[in-house]
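Reading the structure
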Amino acid sequence: MSDLNKVVLSGRLTADPELRQTSDGTTVCAFTIACNRLDKNKESVAEFINIVTWKHTAEFVARNFCKGKMIIIEGSLRKRKYQDKKYPEVSHYVTEVFANEVHFAGDKKETDAANVTEPDVDVDLSDFEEVIGDSDLPF
């Protein structure tokens, strides 16, 4: 059996995503999401997780998501190391999720807006003919 490295997360973007290009022209988008988890006392704790997307997925995120938007991420966990520019003897380690797929997630504001009912409006239905069965339909 092969090893499995799959991550699925949902959370809100903590800032607008940053779209950049590598030196060879590959599009990359980095952003952070806030995800909630329950601690040992069953209290909600926010985790801030760095996400990286590439190419078309990066462009999609930059076009469609902004700070505060809900997002669902599917990808894999990656670790990398880099040297501090100011203190070359210091190494920094970063853990991030490389997202293969991103999905829209329902926002509370959007859900609330969808549940708003329109006020009653008087509509004249006298020109409409009642259709009793499917056989009466013209198509």
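The structure presented is a predicted model; accordingly, all values stated were derived computationally and were not measured. (Residues numbered from 1 in each chain as written. Predicted model: local features only at pLDDT ≥ 70, side-chain atom pairs only at ≥ 80, totals over all residues. Heavy atoms only, no water.)

Overview of the overall build of the protein chain
- Scanning the protein chain from terminus to terminus reveals two helices and six strands.
- Secondary structure elements of the protein chain occur, N-terminal to C-terminal, as β-β-β-β-α-β-β-α.
- With 139 residues in all, the protein chain has 24% of them scored as buried.
- If you take every contact in the protein chain between residues at least 6 apart in sequence, the share linking residues at least 24 apart comes to 57%.
- Split by element, the accessible area of the protein chain, about 11,200 Å² in all, is 52% carbon and sulfur. (Helix = DSSP H or I, 4+ residues; strand = E, 2+ residues; numbered from the N terminus. Buried < 20%, exposed > 50% of the residue type's maximum accessible area, 1.4 Å probe, protein only. Contact = heavy atoms within 4.5 Å. Areas by Shrake-Rupley, 256 points an atom, 1.4 Å probe, with all protein chains shown as cover.)

Here we look at the pairing of strand β5 (residues 70-83)
- Relative to β5, strand β1 (residues 7-13) runs antiparallel, the two sharing six bridges. Looking at β5, one finds that glycine 11 is bridged to isoleucine 71. (Pairing = 2+ DSSP bridges.)

A few points about helix α1 (residues 55-64)
- Inspection of α1 places Thr57, Ala58 and Val61 among the buried residues, and these make up the whole buried set. Buried residues of α1, viewed axially, fall in a sector of 100 degrees; they line one side. Facing away from the buried surface of α1 by more than 90 degrees, the exposed residues are Lys55, His56 and Arg63.
- Against β2 (18-21), β3 (27-38), β4 (44-54) and β6 (91-104) lie the buried residues of α1. (Arc of directions from axis to C-beta.)

Topic: the packing of aromatic side chains
- Counted under the stated rule, the structure contains four aromatic pairs.
- Their ring planes at 70 degrees and their centres at 6.1 Å tell us that phenylalanine 60 and phenylalanine 65 sit as a pair that is edge-to-face.
- For phenylalanine 60, a relative accessible area of 25% corresponds to the partly exposed category.
- Here phenylalanine 65 falls in the buried class, since its relative accessible area comes to 5%.
- Summarising the aromatic geometry, the rings of phenylalanine 60 and phenylalanine 104 are spaced 5.5 Å apart at their centres and angled 70 degrees between planes, so their arrangement reads as edge-to-face. Within this pair, whereas phenylalanine 60 is found in helix α1, its partner phenylalanine 104 is found in strand β6, the two being separated by 44 residues in sequence.
- Taking relative accessible area as the criterion, phenylalanine 104 reaches 52% and is therefore assigned exposed.
- By the ring-pair criterion, three or more aromatic residues cluster together here, those being Phe60, Phe65 and Phe104. (Phe/Tyr/Trp six-rings, centres within 6.5 Å; stacked < 30°, edge-to-face > 60°.)

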